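Tertiary structure, described
Chain by chain, the residues run as shown.
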Amino acid sequence: MTKALFKKQMMEMFSFLFQDKKKNTIRKGTALALCILLYIVLFGLVSYIFGLLGFAICEPLKNQNLEWLYFSITGLIAVFFGVFGSVFNSYSSLYQAKDNEMLLAMPIPPGKLIFIRLLGVYFMGLLYEMIVMVPILAIYYFTVPLSFSAVVFPILTVLVLSVFILILSTAIGWIVALISSKTKNKSYVTVIISLVFLGLYFYLYNQASSIIQSFLAYPQVVGDFVKSNLYPIYAVGKASAGDILSFLIIAVFVFALLALVYYVLSKSFTKITTTKKGEKKKQYKEEAVIKTGNANNALFRKELKRFTSSSNYMLNCGLGTVLMIVAAVTLLFNTGNIKALSAVLNPLEGFFPMIACAAICMISSMNDITAPSVSLEGKSIWLVQSMPVTPWQVLCAKLKLHLVLTMIPTLLLTAVALFIISPAPIFTALVLILVSLFVIFSAEFGLVVNLKSPNLNWTSEIVPIKQSLGVMLSLFSGWIVIILLGIIYAFVYKFVSPLVYMILSAVLLLALSLFLAFWLKNKGTKIFAKL
Amino acid sequence: MLRIEHLTKKYGDKKAVDDLSLHIRPGEIYGFIGHNGAGKTTTIKSCCGILQYDSGEIYIDGVSVKDSPIECKSKLSYIPDNPDLYEYMSGIQFLNFVADIFKVGAEERKARIRKYGDAFGLTSDLAQQINAYSHGMKQKLAVISALIHEPKLIIMDEPFVGLDPKAAHNLKEIMRDFCNRGGAIFFSTHVLEVAEKLCDKVAIIQGGKLIKSGTMDEVKGDTSLEDVFLELVDNSEDSND
């Protein structure tokens, strides 16, 4: 039974790799290899950033016999990154999976079911932890003289930390589920809790960055502080550096916590997953609820309702909206610093507006609302297919949702940035045009990617929202476009002024957007009609 | 109202529907019978413009589904065998959505929602989220949404599955009333007793091919529809062997 459940969970989890949802076939050979390679490249890029951190701190800490501090700091980052990656997954895969009731009706003890589900969350957390720890470990092994304990203890500690990531993700997911099962507007509750968590994460991330800078200057002082005041972090560092007692302490602590979490989940799983609502039955009032509108508005409202009813969708695909508003407010509070930076970084007229434009585009590309929108139609796709609306109208509603939720905060952030840096009118106009074109391009690209690899047969909505190649591609494509434009500029900046380069970039983005719009209207609509 | 001419639909090399021709006139309730995998749902989805077929032609009220799918869809309603609706909407939000798509005015939609909501005992639940509905409630909501824009043709795939006896009775009355007012209904069912009592005409399909069609009397003669169906299907299987 356990084997069958485990196999089902793994098939579900890795279906994005092995299944070609468009052709409904199993991916094999070259296609599978290319797909895996793509993920390795994507994750490798993120790993590279952590690798840079490792290079910066490993050698100096080793020279002062503070190897443990290296693992304390990187372990802390890995835990935060791992929880960040898996916490959104834990609630939906544990409590919102469509097959929960079916499996609960089978002769499977809830404890076994939760164990299998936890394995899924564990692997997701482990994956994110590895993105941090693989380069960190590699750099460590190249820096210190190798011995049995120097090789084995860091690996063992990483594994213990992966269990701790599971505990934190699951505990947060459990709290969200508990609150959601008793409240109305579950999606908003989940989003608010998650945003609080995210805020905390970014606050700690900021603090971690200043801590790293401090201990690069005074590593011994920081080491003494961690040792005296932050024992768990110290113990993680010491365990990784080969201290058996520290390792045993953290291992016992983590596994005791795991037992407690497992016990609580086993006892509450059935109740939480089968409690439908905590609210009273709503009264139907004819006069208040019958409203009229046209077909295009109805389709747009449908997309908006789909978006706002799902915390997963909002958090994973619409986070950029919140971040851009936060960024706009942050800019307003740092006007002096931005102006000073503008004076330093503006050797050529228009250089700073160009950099600001690239930064705004990068933040706006965190919204990938269109990327899972076709897949999210799921089994109810027959509705729009059987109604008197064209596929183009349906696709336009999806694009419009992305544009409304992304364009407004993008322009708000742009307006604040332009207000602070006050560039010449031509640059103001170009920045506004470029960010607008970029948002349009991102919306279209997400939709194109989803139409090329749609998945209408999912058991948990987290699969199309988070665990699909299309979403991954869409999310990184914005960054790749900006980075490519940056690299090209680095080669041509001696010959091309920022003004000309921005005009050329706008022309390129316009051409790309027009091409994608043409594709969507012609090929995309045909694909949608055949789904 | 619905004319199917030499419809053929293949999945790979397999013919799911093979040279099928049917004609459903205004005022008729037309039953479509066949065992699982016979090609009923494929035929129905082709008529609704959801599936694209390989050859043949389908006309709704004289308009080709292939050439003018939107015009055809505005004349018909479709209810699938398993109504997967928008679970993130409430019942009334869903009905408003459908009414908006079909351009139903405020007063008409209000009257129809009241009429059909009461008929199916769903009015008091319309403010609830669809994800809290039972299968039968979803089926009722799908039927109400099909009736809200007063189509000329209703195409249904197993419409009685999941309905309680009272709702099933009401649906039969609504179907008859709809056809008496000039509409046409084409529906598939496995419940042969219902088909026998309700349908004016019936078609039996086996392996994608039409094996018998006509008025109820022409098809069943003096025996029951069940006997005729079983005999025809057995004969068809024997001849295929």
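Scope of this entry: the structure provided in the associated data block.

Analysis parameters
- Residues numbered from 1 in each chain as written.
- Chains lettered and ligands numbered in written order.
- Predicted model: local features only at pLDDT ≥ 70, side-chain atom pairs only at ≥ 80, totals over all residues.
- Heavy atoms only, no water.
- Helix = DSSP H or I, 4+ residues; strand = E, 2+ residues; numbered from the N terminus.
- Contact = heavy atoms within 4.5 Å.
- Areas by Shrake-Rupley, 256 points an atom, 1.4 Å probe, with all protein chains shown as cover.
- Pairing = 2+ DSSP bridges.
- Axes fitted to C-alpha atoms, helices over the stretch in contact; angles between N-to-C directions.
- Buried area = accessible area lost by both parts, 1.4 Å probe.
- Salt bridge = Lys/Arg side-chain N within 4 Å of Asp/Glu carboxyl O.
- Polar contact = N/O pair within 3.5 Å; in protein donor to acceptor, adjacent residues only side chain to side chain.
- Phe/Tyr/Trp six-rings, centres within 6.5 Å; stacked < 30°, edge-to-face > 60°.
- Buried < 20%, exposed > 50% of the residue type's maximum accessible area, 1.4 Å probe, protein only.
- Lys NZ or Arg CZ within 6 Å of the ring centre and 35° of its normal.
- Parallel < 35°, antiparallel > 145°, perpendicular 65-115°, else oblique.
- Left-handed = near helix turned anticlockwise from the far one by under 90°.
- Nonpolar A, V, L, I, M, F, W, Y, C, P; charged D, E, K, R; others polar.
- Patch = residues over 30% accessible without salt bridge, like charges linked within 9 Å, V, L, I, M, F, W, Y side chains within 5 Å.
- Lys, Arg positive; Asp, Glu negative; His and termini not counted.
- Charge placed at Lys NZ, Arg CZ, Asp CG, Glu CD.
- Right-handed = clockwise from strand over helix to strand, strands pointing away.
- Arc of directions from axis to C-beta.

A few words now on the overall build of chain B. When you go through chain B residue by residue, the secondary structure sums to 9 helices and 10 strands. A separation threshold of at least 6 residues defines the contact pool for chain B, and within that pool the share at least 24 residues apart is 66%. Accessible surface, chain B as shown: approximately 9,700 Å² in total, 46% of it carbon and sulfur.

This part takes up the sheet that holds strand β6 (residues 76-79) of chain B. Residue and element names in this part refer to chain B. Strand order in the open sheet formed by 6 strands is β6-β7-β8-β3-β9-β10, and the pairing between neighbours is mixed. Only two strands of the sheet have a single neighbouring strand rather than two, namely β6 and β10 (209-215). Averaged over all neighbouring strand pairs, the angle between strand axes comes to 15 degrees, with direction disregarded. Across 4 bridges, strand β3 (residues 29-33) lies against strand β9 (residues 201-206) in parallel orientation.

In many reports, interface size means the accessible area that the parts give up when they come together. Across the boundary between the two partners, chain A contributes 35 residues, which contact 40 residues of chain B. Carbon and sulfur atoms supply 64% of the area that chain A and chain B bury against each other, a total of about 3,400 Å² over both sides. Taken together, chain A and chain B are joined by 1 salt bridge. Note that Arg301 of chain A is salt-bridged to Asp100 of chain B, the shortest N-O span being 2.5 Å. Taken together, chain A and chain B are joined by 3 residue pairs in polar contact (both at pLDDT 80 or more). Elements that contribute at least two residues to the side of chain A that touches chain B include exactly α12 (286-289), α13 (295-308), α18 (381-386) and α23 (498-530) of chain A.

Attention shifts here to the packing of aromatic side chains. The tally for this structure, following the rule as stated, stands at 24 aromatic pairs over all chains. Ring centres 6.3 Å apart and planes at 35 degrees place the aromatic pair Phe351 of chain A and Tyr489 of chain A in the tilted group. Here Phe351 of chain A is found in helix α17 (residues 351-364), whereas its partner Tyr489 of chain A is found in helix α22 (residues 469-492), with 138 residues between them in sequence. Note on Phe351 of chain A: relative accessible area 18%, which makes it buried. Among the residues examined, Tyr489 of chain A registers a relative accessible area of 8% and is labelled buried. The interplanar angle of 40 degrees and the centroid separation of 4.9 Å between the aromatic rings of Phe32 of chain B and Phe186 of chain B together place this pair among those described as tilted. Highlighted residues: Phe32 of chain B in strand β3 and Phe186 of chain B in strand β8 (residues 184-188), separated in sequence by 154 residues. Here the aromatic residues Tyr70, Phe71, Tyr140 and Tyr141 of chain A are joined through ring pairs into a cluster of three or more. Here the guanidinium or amino end of Lys400 of chain A rests over the ring plane of Phe300 of chain A, the centre of that ring lying 4.7 Å away.

All names here are of chain A. Remark: helix α20 (residues 425-452) packs on α22, axes separated minimally by 9 Å, with the N-to-C direction vectors making an angle of 150 degrees. Relative to α22, α20 is oriented roughly antiparallel. The way α20 lies across α22 gives a crossing that is right-handed. Where α20 approaches α22, its residues Phe438, Phe441, Phe445, Gly446 and Val449 are matched on the opposing element by Gly470, Leu473, Ser474, Ser477, Gly478, Val481 and Ile482. Residues that form the contact of α20 with α22 fall into these classes: 7 nonpolar, 5 polar and no charged.

Moving on: a positive patch on the surface. The grouping of Lys452, Lys523, Lys526 and Lys530 of chain A at the surface amounts to a positive patch. For the positive patch, the leading source of residues is α23 of chain A, giving 3 residues.

A few words on the packing of helix α19 (residues 391-421) of chain A against α23 of chain A. All names here are of chain A. Viewed as axis vectors pointing N to C, α19 and α23 meet at an angle of 115 degrees, and their least axial separation amounts to 9 Å. Here α19 runs over α23; the crossing is right-handed. Together, Pro391, Trp392, Val394, Leu395, Lys398 and Leu399 of α19 and Ala517, Leu520, Lys521, Gly524, Thr525, Phe528 and Ala529 of α23 make up the contact between the two elements. Its residues assigned to classes, the contact of α19 with α23 comprises 9 nonpolar, 2 polar and 2 charged.

Residues and elements named next belong to chain B. The element strand β7 (residues 153-157) is largely enclosed, with a buried count of 5 among its 5 residues. Relative to β7, β6 runs parallel, the two sharing 4 bridges. Within the sheet, the bridge partner assigned to Ser77 lies in β7 and is Ile154. Taken together, β7, helix α6 (residues 165-180) and β8 form a β-α-β motif whose crossover is right-handed.

Right, let's talk about the sheet that holds strand β4 (residues 55-60) of chain B for a bit. The strands that make up a sheet are held in pairs by hydrogen bonds between backbone atoms, and each pair lies either parallel or antiparallel. Residue and element names in this part refer to chain B. Read across the sheet, 4 strands follow the order β2-β1-β4-β5 without closing on themselves; strand pairing throughout is antiparallel. Looking along the sheet, the strands with just one partner apiece sit at the ends: β2 (14-24) and β5 (63-64). Sheet topology places strand β1 (residues 2-11) next to β2; 7 bridges connect them, and they run antiparallel. The residue of β2 that forms the bridge with Lys10 is Lys15. Against the sheet, helix α1 (residues 40-47) contacts β1, β2 and β4, and its axis sits at roughly 120 degrees relative to β1.

Once that is clear, we can look at helix α3 (residues 91-101) of chain B. Residues and elements named next belong to chain B. Counting buried positions over the 11 residues of α3 gives 10, a clear majority of the element. Of the residues making up α3, those classed as buried are Gly91, Ile92, Phe94, Leu95, Asn96, Phe97, Val98, Ala99, Asp100 and Ile101. Once α3 finishes, Lys103 follows within two positions and takes phi at roughly 55 degrees, a positive value.

Before going further, it helps to examine the environment of Glu444 of chain A. Residues and elements named next belong to chain A. Relative to the assigned elements, Glu444 resides in helix α20. Its relative accessible area of 7% is what places Glu444 among the buried residues. Ignoring sequence-local partners within four residues, the contact set of Glu444 consists of Leu399, Leu512, Ser513, Leu516, Ala517 and Leu520.

Attention shifts here to helix α9 (residues 219-229) of chain A. Residue and element names in this part refer to chain A. Buried within α9 we find Pro219, Val222, Gly223 and Val226. Take α9 and look down its axis: the buried residues cluster within an arc of 105 degrees, on one side only. In α9, the exposed positions angled more than 90 degrees off the buried face are occupied by Val221 and Ser228.

The subject of this paragraph is the pattern of salt bridges. Residue and element names in this part refer to chain B. Applying the stated criterion across every chain yields a total of 21 salt bridges over all chains. Glu108 is paired through a salt bridge with Arg112; the nearest N and O atoms lie 3.8 Å apart. Here Glu108 and its partner Arg112 are both found in helix α4 (residues 106-119), 4 residues apart, which amounts to about one turn of the helix. What makes Glu108 partly exposed here is its relative accessible area of 41%. You can call Arg112 buried: its relative accessible area is 15%. In this structure, a network of salt bridges that share partners links the residues Glu108, Arg112, Glu150, Asp177 and Arg181.

All right, on to the environment of Ile50 of chain B then. By the secondary structure assignment, Ile50 of chain B is in the loop between α1 and β4. Residues Ile50 of chain B and Lys73 of chain B lie 23 residues apart in sequence; the distance between their C-alpha atoms is 9.8 Å.

Attention now goes to a negative patch on the surface. Residues and elements named next belong to chain B. On the surface, a cluster of negative charge is contributed by Glu193, Glu226, Asp227, Glu231 and Asp234. When residues of the negative patch are assigned to their parent elements, the largest contribution, 4 residues, is made by helix α9 (residues 225-240). Among the secondary structure elements, Glu226 is positioned in helix α9. Exposure remark for Glu226: the relative accessible area of 39% places this residue in the partly exposed category.

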